[in-house]
Structures are given as structure tokens and as C-alpha cells.
Amino acid sequence: MQNAVPLSWYLILSAILFGLGVAGFIYRRNIITVFMSIELMLNAVNLSFIAFSYALKRVDGHIFSFFVMVVAAAEAAVGLAIILTVFKNRETLMIDDVSSMKY
Amino acid sequence: MNLWLIPIFPFLGFLLNGLFGRRLPKALINTFAIGSVTLSFLWVVKTLFALSPLETKYIEHYFTWIQSGSLNIGVDFSVDRLTAVMLLVVTGVGTLIHIYAAGYMDHEGGYYRFFSYLNLFMFFMLVLVLAQNFLLLFVGWEGVGLCSYLLIGFYFLEQFATNAGNKAFIVNRVGDFGFSLAIFLIFRQFGSLDFSRVFDSAKSMPNETSAGILTTICLLLLVGATGKSAQIPLFVWLPDAMAGPTPVSALIHAATMVTAGVYMTTRSAALFTHSPIAMETVAVIGLATAVFAAIIGLTQNDIKKVFAYSTVSQLGYMFVGVGVGAFSAGIFHLMTHAFFKALLFLGAGAVIHGLHGEQDLRHMGGLFKYMKITAITLFCAGLAIAGIPFTSGAASKDLILEAAYHYAPWIYWVGTLTAGLTAFYVWRALFLCFFGEYRGHAHPHESPAVMWAPLAVLAVLSLGGGFINVPNFLEPLYPLHEETEPALVRYLPFAMGFGGIALAYVCYVARPGIADAFTNALSGLYKLFDQIYDAVIVRPLIGLSRAVLWKGVDAGVIDGTVNGIGARSRGIGAILRLLQSGYIRSYAAWVVLGSVLVLIAIGFAGEVR
């Protein structure tokens, strides 16, 4: 444990990944990229869960990250189905073009 | 003992006929309506046999209805001797009238509707009688008022019937307002609405020689009673209530519902006896009503109106009885009155039925030879209400008048005079109806057996009901005062009864025409009363409602609040909806902004716990 990576490094990495995810979500227009950004954010959170779990010697974080993975998998299935349908109907993957649900 | 079964039978009848009656054959509707009430009657009899001799009160608790702070109201039914008398009267007379109604309403539309209302009425009346606390009594009280309204306005295509229904309902609201104030005061004073607890704690309170809390409560209860039992000043609705079908007049507006005020006052005897002022008010109001209604009754030409005013007048007698402290005599008169007045109304209904809807006495006459059974039964009722010795009416009215004599002789004298008037105007109606020459154009016929059979039963009860010694039965609850009075006091009411009948015979059979001049002089009285009401209450109320309640409170405050909330919501929404741009990336930006704000807020507020 002497040369172990400090907890803060994990957290900084997690924060960077999360920030990248947020930026990608906001700035990219391709819906597939947006989707990947969401996954990135989820996994950034998973990383901090695991890091805390390891540092605190408690199992809770592991369980949480499993939950997150399960939800992410389900969400990916539904999300990809939606993307496919949108593409079939609109022939576009640019999310700014899919903006008819508004005031 | 399952007391709850008593009211639940009519309620089931109401549900069956009310929900499915439209599609059911008449025979089935009859079975439900009459059967349910009969079952209820039989259950009452069985219960009373099982509970006899009923020395103490029998209480059944079902569940807690309202529990809030110190307010605890249970759905409790109880039976004591007073309730026993009321139960027998309500279900017994009710059953007879249901049977009669099957014949009377045979040709009418809305057959199932009529019987479902009638059953609902029985349900509420039984709840009223069985209730063990003031609030449950009030539920029954309002329920019978509702049914009364529905049944008065039964012929709702006729304007006068709906008007009469509205009048009854609105006049009763005035009384109910007083009653509900009384209930609030009782709770404030005694911390409970349960009869046993209220009356027990009232017993330990001193008598109030000057106006105090008990007097206030009693006077407010009296306001409620005057509304429901048609006493001055709230009696105006009862004569109009005759717009309903005749069985309704007999059941609700003569035998049972209108006596609820007397029952409630008697039930609250423990409060009233502690307030001599309230007692005197009850007696005076009762006496004034008895005299006044009897005088108006002299001038009426509609056979049902005559009996309606006599109901008001007889209710006045009951209030006199209660007011002078003869509670058991009041209840005794309530019972005998239920017999002979139900009979009078049902008989009048049979006459009207036989004449195809004719109600005007001037178009009757000489009907004796066409409808002998109806005539004979009606004469029995006439003898009873006139107070001829050995009939039921004589026994009970005499007790009231004797008690009045010991309370204040002047009440006795006025009451006795009114007894003469009663005999006169009831027999006037009977003579006009059955004697002389027939003056109408219809073809009179006798009623079917389903109608005259209840009449016969009631006739027997009217004659013999006086031998049921109700005051003795109620002795444990309302002690009797054994006092003696001069023979004159005892026998004068009988003489007045005979005198009234004889006078009616002279005026309307032997020498017709004497009465006309007299009649014209008095017919203005009733109109006068309605006009006073119009000027003092109706007009100011309409003006006030228009100016303040409608324009000010309703349009200004209530509508203003409601519309204002709507307009503000629209305004805010018009701005907020711009956020919904349809661009997913802008939503995401808002989410990020929001979470950043939350983090900042947490940072300012300190660490997260």
C-alpha cells in the first residue's frame, strides 16, 4: 500500500472525465456522440464510487456502481432504439434538427 | 342486538329501487319497498322483546366517526323506552303507509323513484331516532329534510310543487342554523356530544333562573325544533308541503318527520328542565301555534290544507305538553297523533283518489254512500282528534291539558278552547266531504283493498291507541306528577269536543250558509302572514344577497380570487414556457447550471450532513 495512488488522483481523474462528458453533451451535435458523453459521465461517477469504496474499505460503492452499469445498459438499449427510430423518420442525427417538442 | 339492521333494511330498499327500479316490474318494486320496511318493523319488535323490560339504556357502538382533538364522535345507536315508542311508531305507521302507497301511486309515473325516496326517508328517520349523539341525530335530521324536499317536489314538472319543495327546504335551513349553533354550544360547554355524557353533566348543573348558557342552548334547540316541527314562526312551509303525494303528507308531514322536533326536545329534557325560561317559551310558542293554526284551519277549502293546519295545531299541543314539563304526555300525543293524523291523510288521499284528483271540499259532499269504508275510518280519526272520550286523542290531549292546568291555568283554558276549534274544523271538513248533496262531476268510487286495509288498521289504533299507557311506560325517564284537579278541568275538553262536532253539524249539515259570512272575515290571516314574511325577511334578504353577497362577495372576492389565480398562472407560464425550446443541448445547459447553483448553495450553507 506504500506506493498506492492517492484517493485525490482518482477523484481528479473522475472530475476530468465528468467534465469532458458534460462538455461533449453540450457542444456536440451528433446524437451518437451525445450518447457516448452520457456514458462517459456515468462511468466517471462509477470511478469515484469505486475509488471511495476502496479507500474506505466498504462494499457500498461497488454495489452502487453495479446499479449504475445495469441502468446504463438498459438506458443504452432504449436510447439506441429511439435514435434508430429518429433516424428512420428524419434521416438526421443532428439533435438541433429534432426540436419540434417545444412551446 | 344488531340495531344497525333496523335502518339498513330501508336503505337497501332505497338502493335496489333507486339503482335498478327503472327496469324492474312494479311487483318487485313493491316487494323491495314494502318488504324492507316490514322487515325493519319486525326487527324492531324482536329487538324490543329481547331487550324488555328495557329499564336502562341499551347502547351499541359501531365505530369512531370523527376523532379530532377532544372531539370524539362515534356511530352509536341506542335504545331506551323513548326510542322504543318512536321506533314502533315510525316503522309501524311507516309500514302501513307504504302498503297504502302501493295502491295510491299505482297510476303515477316515477313509481320506483317515489318508493326509493320513501325508503330513504325511513332510513334517515330511524337514524335520527336511534342516534346516541347530537351529530348523528343531526345527520338523520338533515336526511329526512332532504327526503321531505324531494318528495314535496315529487311532481317536479309542476311549478307549485318545486316552489313548495324549495320553501320547505329553505325555511328548514333557518331552523337548522339554530340547531347547529346549539350543537356547537353544547360541545363547548360539555366537551362532548354524546347524549349520556351531556345529560349526565347537565344534571349536576344548577337551575338557571336568569338567562345563561343552558337557556341559550335550549332556545337554539327550540329554533331547530320550530323549523322541523312547523311551529310559529317557521310553520309556513308545512301547508305548502301538501303539494307532495298524499302518502308523503301522511308519513312525513303528519306522522313522523314533523314530530322530530318534539322528539328532540323530549330527548334533551335534561337540558330543558334546567331552564324554566326556555320551558315557558316552548309552552307559549306551542300554544300560540295551536290556536293560530286552528283558526286558519277553519277557513281552508282544500281538504289536505285543513288537515295540514290541524297537524300544525296538534304539534303545537305536543310542544305545550313538553313546555309544561309533561314530556311523556307530549310523546303520548305524538303517538296517538301519528295514528289518527296518518289516518286522516290516508283517508283524504282515498277520497282524492276516488274523485280522480279533486281536493276542493266545495266540490265534494254526499260521498258517504260511495265510499263507506273510507268514510267510517275517517270518522274514527275525526272522533280521536276531537278528543271524544275513550278514543286515543282524548287520552293524550287530556294529559297535556291537565299538566298545563297545573303549570298555568290560562294555558289550559286557551288549549281547551282550541280543542273545541279543532273538533269544529275537522268535522267541518268531514261533513262537507261526506254529507249533503254531491257537488262535483267525477264518478266517485271506493278504493281498492290495498288502500282501505291500512285505513282499517289505523282506525282501530286511533280508537284504541289511548289504552296503550305510554306515560306509564316512560315513567323511569320522565316521572309523572300525581295531582288532582277539579272535575270541570277534567271533563271540559270532552265537552268542547262534542260541542265542536255539534256546531259543525249545525253549520254545515243542518243549516248550511251560516258559516259563509264568518269564513270570509278570516281568510286574510294566512295571506297576511305570508306578506309579513315577504316584507320582513324575503325582500331584505334578496336585496342583501344581490348587493353584498352577489356583487361584493361572490363576484368580487371569490370570483376575483379564482380568476386572479388563473390569470397569474397564465402570465408566469407564458414566460416559463420559453425555457422549453426543444433543443436538448439547452436543456442540458440548464441542468448543469442548476447543479452548479446547488453546489454553490451547499458551499455557502456549510457541509452536507
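From a predicted model like this one, the values you see are computed outputs, not experimental measurements.

### Regarding the overall build of chain A
- Counting secondary structure elements, chain A contains 3 helices and 0 strands.
- For chain A, the succession of helices and strands along the chain, N to C, is α-α-α.
- Whereas a compact globule of 103 residues would reach a radius of gyration of roughly 13 Å, chain A reaches 17 Å, over 25% beyond that.
- In terms of overall dimensions, chain A has a C-alpha envelope of 55 × 25 × 25 Å along the principal axes.
- Across the 103 residues of chain A, 13% fall into the buried class.

### Structural notes on the overall build of chain B
- The helix and strand tally for chain B stands at 24 helices and 2 strands.
- In terms of principal-axis extent, the alpha carbons of chain B reach across some 105 × 60 × 50 Å.
- The long-range fraction of contacts in chain B, counting pairs at least 24 apart against all pairs at least 6 apart in sequence, stands at 82%.

### A short note on the pairing of strand E1 (residues 58-68) of chain B
Residue and element names in this part refer to chain B.
- Of all 11 residues that make up E1, 0 are buried, and the element is exposed over most of its length.
- Of the pairings in the sheet, the one linking E1 to strand E2 (residues 71-79) comprises 9 bridges and is antiparallel in character. Paired with Gln-67 across the bridge in E2 is Asn-72.

### Notes on the domain arrangement of chain B
- Domain boundaries assigned for chain B yield domain 1 (5-522) and domain 2 (530-605).
- For domain 1 of chain B and domain 2 of chain B, the distance between their C-alpha centres works out to 51 Å.

### Observations concerning helix H18 (residues 409-434) of chain B
Residue and element names in this part refer to chain B.
- Under the 1.5 Å per step criterion, the end-to-end length of H18 is 38 Å for 26 residues, consistent within 8% with the ideal 38 Å.
- Most of H18 is tucked away: 21 of the 26 residues are buried.
- A positive phi of about 75° marks Gly-436, the residue just after H18.

### Comments concerning the interface of chain A and chain B
- Each side of the interface is counted separately: chain A has 10 residues, and chain B has 11 residues.
- The class makeup of the residues in the side of chain A that touches chain B is 6 nonpolar, 2 polar and 2 charged.

### Quick word on helix H1 (residues 7-27) of chain A
- With 21 residues, H1 of chain A should reach 30 Å at 1.5 Å per residue; the first-to-last C-alpha distance of 30 Å fits that figure.
- Ser-14, Gly-21, Val-22 and Phe-25 of chain A are the residues of H1 of chain A that are buried. Buried residues along H1 of chain A cover an arc of 95° about the axis, so they all sit on one side. Among the exposed residues of H1 of chain A, those oriented more than 90 degrees off its buried face are Ser-8, Trp-9, Ile-12, Ile-16 and Tyr-27 of chain A.
- Next to the buried residues of H1 of chain A lie helix H2 (31-56) of chain A together with helix H24 (584-605) of chain B.

### Some remarks on the environment of Ser-313 of chain B
- Structurally, Ser-313 of chain B is set in helix H14 (residues 303-323).
- Residues in contact with Ser-313 of chain B, not counting those within four places in the same chain, are Thr-289, Ala-290, Ala-293, Ala-294, Gly-297, Thr-418 and Thr-422 of chain B.

### Concerning the packing of H14 of chain B against helix H17 (residues 392-407) of chain B
Residue and element names in this part refer to chain B.
- The geometry of H14 relative to H17 is characterised by a closest axis approach of 9 Å and an angle of 45° between their N-to-C directions. As judged from the angle between their axes, H14 and H17 are oblique. Judged by the sense of rotation from one axis to the other, the crossing of H14 with H17 is left-handed. Mapping the contact onto sequence places Tyr-317, Val-320 and Gly-321 in H14 and Lys-397, Ile-400, Ala-403 and Ala-404 in H17.
- Class assignment for the residues of the contact of H14 with H17 results in 5 nonpolar, 1 polar and 1 charged.

### Regarding unusual backbone geometry
Residues and elements named next belong to chain B.
- Of note, the bond from Ser-52 into Pro-53 is cis; its omega dihedral lies within 30 degrees of zero at 10°.
- By the secondary structure assignment, Pro-53 is in the loop between helix H2 (26-51) and E1.
- Of note, the amide linkage connecting Ile-232 to Pro-233 takes the cis form, showing an omega dihedral of 5°.
- Assignment of secondary structure puts Pro-233 in the loop between helix H8 (213-228) and helix H9 (237-240).
- Phi is positive for Ala-230, close to 55°, though the residue is something other than glycine.

### A closer look at the packing of helix H13 (residues 276-298) of chain B against H18 of chain B
Residue and element names in this part refer to chain B.
- Contact pair H13 / H18: the axes reach a minimum separation of 9 Å and the direction vectors enclose 25°. Taken together, the axis directions place H13 and H18 in an arrangement best described as roughly parallel. Here H13 runs over H18; the crossing is left-handed. Residue-level inspection shows Ala-283, Leu-287, Ala-290, Val-291, Ala-294, Ile-295, Gly-297 and Leu-298 of H13 in contact with H18, the latter providing Ile-411, Val-414, Gly-415, Thr-418, Leu-421, Thr-422 and Tyr-425.
- In terms of residue class, the contact of H13 with H18 is built from 11 nonpolar, 4 polar and no charged.

### A short note on the confidence of the model for chain B
- The share of residues in chain B with pLDDT of 70 or more is 97%, and the mean pLDDT across the chain is 88.
- Across the interface, the model reports ipTM at 0.82; the global pTM reads 0.74.

### Observations regarding the environment of Leu-579 of chain B
- Tracing the chain through its elements places Leu-579 of chain B in the loop between helix H23 (524-576) and H24.
- C-alpha separation for the pair Leu-579 of chain B and Phe-184 of chain B, spaced 395 residues apart in sequence, amounts to 53 Å.

The rules behind each value
- Residues numbered from 1 in each chain as written.
- Chains lettered and ligands numbered in written order.
- Predicted model: local features only at pLDDT ≥ 70, side-chain atom pairs only at ≥ 80, totals over all residues.
- Helix = DSSP H or I, 4+ residues; strand = E, 2+ residues; numbered from the N terminus.
- Rg over C-alpha atoms; globule rule 2.2 N^0.38 Å.
- Buried ≥ 20, exposed ≤ 12 C-beta atoms within 10 Å, placed from the backbone.
- Contact = placed C-beta atoms within 7 Å.
- Pairing = 2+ DSSP bridges.
- Domains from an automatic or database assignment.
- Expected span 1.5 Å × (residues − 1).
- Nonpolar A, V, L, I, M, F, W, Y, C, P; charged D, E, K, R; others polar.
- Arc of directions from axis to C-beta.
- Axes fitted to C-alpha atoms, helices over the stretch in contact; angles between N-to-C directions.
- Parallel < 35°, antiparallel > 145°, perpendicular 65-115°, else oblique.
- Left-handed = near helix turned anticlockwise from the far one by under 90°.
- pLDDT = per-residue confidence, 0-100.

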